[in-house]
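Here are the chains, one letter per residue:
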Amino acid sequence: METGWNAPALMRAGHGGWVCRALTFGALLVGAAILTQVDAAAAGPSGQPFSTVSLPAGVGYLDAVTCPAVDTCYAVGQTRATAAGRAGLVLSLHGGAWQKTLVSGVSYLTSVSCVDATECAATGITGQSAGVVVTTTDGSGWTQPEQPPPFAALGSSASFGSWTVSCAGSFCMAVGSRGPATGGQVWVSSGLLQQWVAAAQPPDSAPGWFASVFCDQPDDCWVVGTGIWHTADGGRIWKVVRAEIFTVGVAAAGVVPDAAYFSDPLHGLVAGYGQCGGPGVTACAGGIWTTSDGGADWGLTTSAGALTVDALACAPGGSCIATSWASDTSENGLILTSAGGSSGWQADGTWPGDTLSGAACPQAGDCVVVGGDPATGVGAIYAQGSQPGAATVPSTIA
């Protein structure tokens, strides 16, 4: 089962709103040095600290991470900018150091999910601003399998384009949107992930967009964005779970969900934050909601306020983490933890200047968080507990 999900950088609304977030992503194309220092300890659900992991040279901002096993993880993003441009990047961990793989034909990767330790799918954007799925069946080589025609080139709307993917068992679903008001596409695959086909469009999803997908078991998936949709048959029939956006009483605008985690078809979490922002804005409404009846009822598990959650991840047994921003304009990364996810979320550390975009917890106390500095394009991985690579060693700077 998938252990975490991220909201891709291109689809997130920040303190400056959608346009400001798009401009911030432009800064990610600038190269910078690799992090090598150990940050101030921040405890996770088991009290274990997170520390900065040494990365290979040339790693740019990282958007997502998944860990199908305690000693096996995949993080995706992009390289630092060079004279030849930039490329989609996969960092893989198989019980030792993180290894870098460049993915041909992809400018950056936004999401990753695995069927098992070696069969995985990642979504990204090509140089022509089209959505794409790439897969691996051996954990190392990544190729583009047979897939439907992607959404059209986005032109000036490219800042809104992104794809995300989630796998459960041998089933995977990818969703993508090309703009804030044009709806999106849903693709599904099973078996060896070598063939992807279009699924039915969720009702009442255009105008609007998809921000994330999470599959809690084969064929049973949740899509969130400008609504919440659920399918129990692999995308053939969809149910509108919640058409209206959440409200928390902080801003006039409501909150659009952008991350989800479900342990089964009834019990899950959804997080998001408000579509607000602009010069001097220091708080956008946001929070984490929970349901125990398949989305019929929702309860706010966090205090109403400036909580901009980007990613959710829960370990088997219930302990959860979420990545967020501190409530200021500097976009300081923040890790939140909860013993069970339904209540008691606590801030467990802040990383000045970094945004934290993805998280995974293969077991309690062994979580991984990825992101980086959006102003410089420096990628970062923070690992906890017994995660391989958690001990920082000097790395060579390209």
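Bear in mind the structure is a predicted one, so any value in this text is a computation, not a measurement. (Residues numbered from 1 in each chain as written. Predicted model: local features only at pLDDT ≥ 70, side-chain atom pairs only at ≥ 80, totals over all residues. Heavy atoms only, no water.)

(A) Just the overall build of the protein, in detail. Helix and strand content of the protein: one helix and 30 strands. A burial count over the protein gives 59% of its 398 residues as buried. Accessible surface, the protein: about 13,100 Å² in total, of which carbon and sulfur atoms supply 55%. (Helix = DSSP H or I, 4+ residues; strand = E, 2+ residues; numbered from the N terminus. Buried < 20%, exposed > 50% of the residue type's maximum accessible area, 1.4 Å probe, protein only. Areas by Shrake-Rupley, 256 points an atom, 1.4 Å probe, with all protein chains shown as cover.)

(B) Focus on the sheet that holds strand E6 (residues 88-94). A sheet is described by the order of its strands in space; here four strands give the open sequence E4-E5-E6-E7, paired in antiparallel fashion. Across the chains shown, the open sheet's two edge strands, defined by having one partner strand only, are strand E4 (59-69) and strand E7 (99-103). The sheet shows a mean angle of 25° between the axes of neighbouring strands, direction not considered. Bridge count for strand E5 (residues 72-79) against E6 is seven bridges, and the pairing is antiparallel. (Pairing = 2+ DSSP bridges. Axes fitted to C-alpha atoms, helices over the stretch in contact; angles between N-to-C directions.)

(C) Spotlight on unusual backbone geometry. Phi at Asp204 is positive, roughly 55°, even though this residue is not glycine. Structurally, Asp204 can be placed in the loop between strand E14 (197-198) and strand E15 (210-217). The class of Asp204 is exposed, set by a relative accessible area of 65%. For Asp219, which is not glycine, the phi dihedral falls at a positive 75°.

(D) Focus on the side chain of Ser113. Here Ser113 lies in strand E8 (residues 108-114). Looking at Ser113, the relative accessible area reads 0%, which means it is buried.

(E) Just the state of the cysteines, in detail. Here the structure, examined in full by the defined rule, presents six disulfides. A disulfide bridge connects Cys361 with Cys367, and the sulfur atoms are separated by 2.1 Å. Here the disulfide of Cys361 and Cys367 is right-handed, its torsion about the S-S bond being about 110°. Here Cys361 and Cys367 have matching classes, each one buried. (Disulfide = S-S within 2.5 Å.)

(F) Seen up close, the sheet that holds strand E9 (residues 120-125). With antiparallel pairing, three strands are arranged side by side in an open sheet as E8-E9-E10. Only two strands of the sheet have a single partner each, and these edge strands are E8 and strand E10 (131-136). Between one strand axis and the next, the sheet turns by 25° as a mean value, whatever way the strands run. For E8 and E9, the ladder comprises six bridges, and the chain directions are antiparallel. Each residue of the ladder has a partner; that of Ser111, found in E9, is Thr123.

(G) Highlighting the environment of Gly77. Along the chain, Gly77 falls in strand E5. Taking the C-alpha atoms as reference points, Gly77 and Val90, separated by 13 residues in sequence, lie 6.7 Å from one another. Those residues in contact with Gly77 that lie beyond four places of it in its chain are Tyr61, Leu62, Asp63, Ala87, Gly88, Leu89, Tyr108 and Leu109. (Contact = heavy atoms within 4.5 Å.)

(H) Local environment of the confidence of the model for the protein. Residues at a pLDDT of 70 or more form 73% of the protein, whose mean pLDDT is 77. Below a pLDDT of 50 lies the segment residues 5-42, which in the model reaches 148 contacts outside its immediate sequence neighbourhood of four places, other chains included. Considering only residues more than four positions removed or in separate chains, one finds that residues 390-398, a stretch of pLDDT under 50, has 22 contacts. (pLDDT = per-residue confidence, 0-100.)

(I) Broad picture of the environment of Asp138. On the secondary structure map, Asp138 appears in the loop between E10 and strand E11 (162-168). Assessed through its relative accessible area of 46%, Asp138 is described here as partly exposed. Along the sequence, Asp138 and Glu119 sit 19 residues apart, while their C-alpha atoms lie 6.2 Å from each other. Polar contacts involving the side chain of Asp138 include one to the main-chain amide nitrogen of Gly141, which spans 3.0 Å. (Polar contact = N/O pair within 3.5 Å; in protein donor to acceptor, adjacent residues only side chain to side chain.)

(J) Representation of the environment of Thr143 in the model. Its location among the elements puts Thr143 in the loop between E10 and E11. A relative accessible area of 45% places Thr143 in the partly exposed class. It is 7.8 Å that separates the C-alpha atoms of Thr143 and Ser104, two residues lying 39 residues apart in sequence. Apart from residues no more than four positions distant in its own chain, Thr143 is found in contact with Val133, Val134 and Thr135.

(K) Geometry of the pairing of E7. Sheet topology places E6 next to E7; five bridges connect them, and they run antiparallel. Within E7, the residue paired with Leu91 across the bridge is Lys100.

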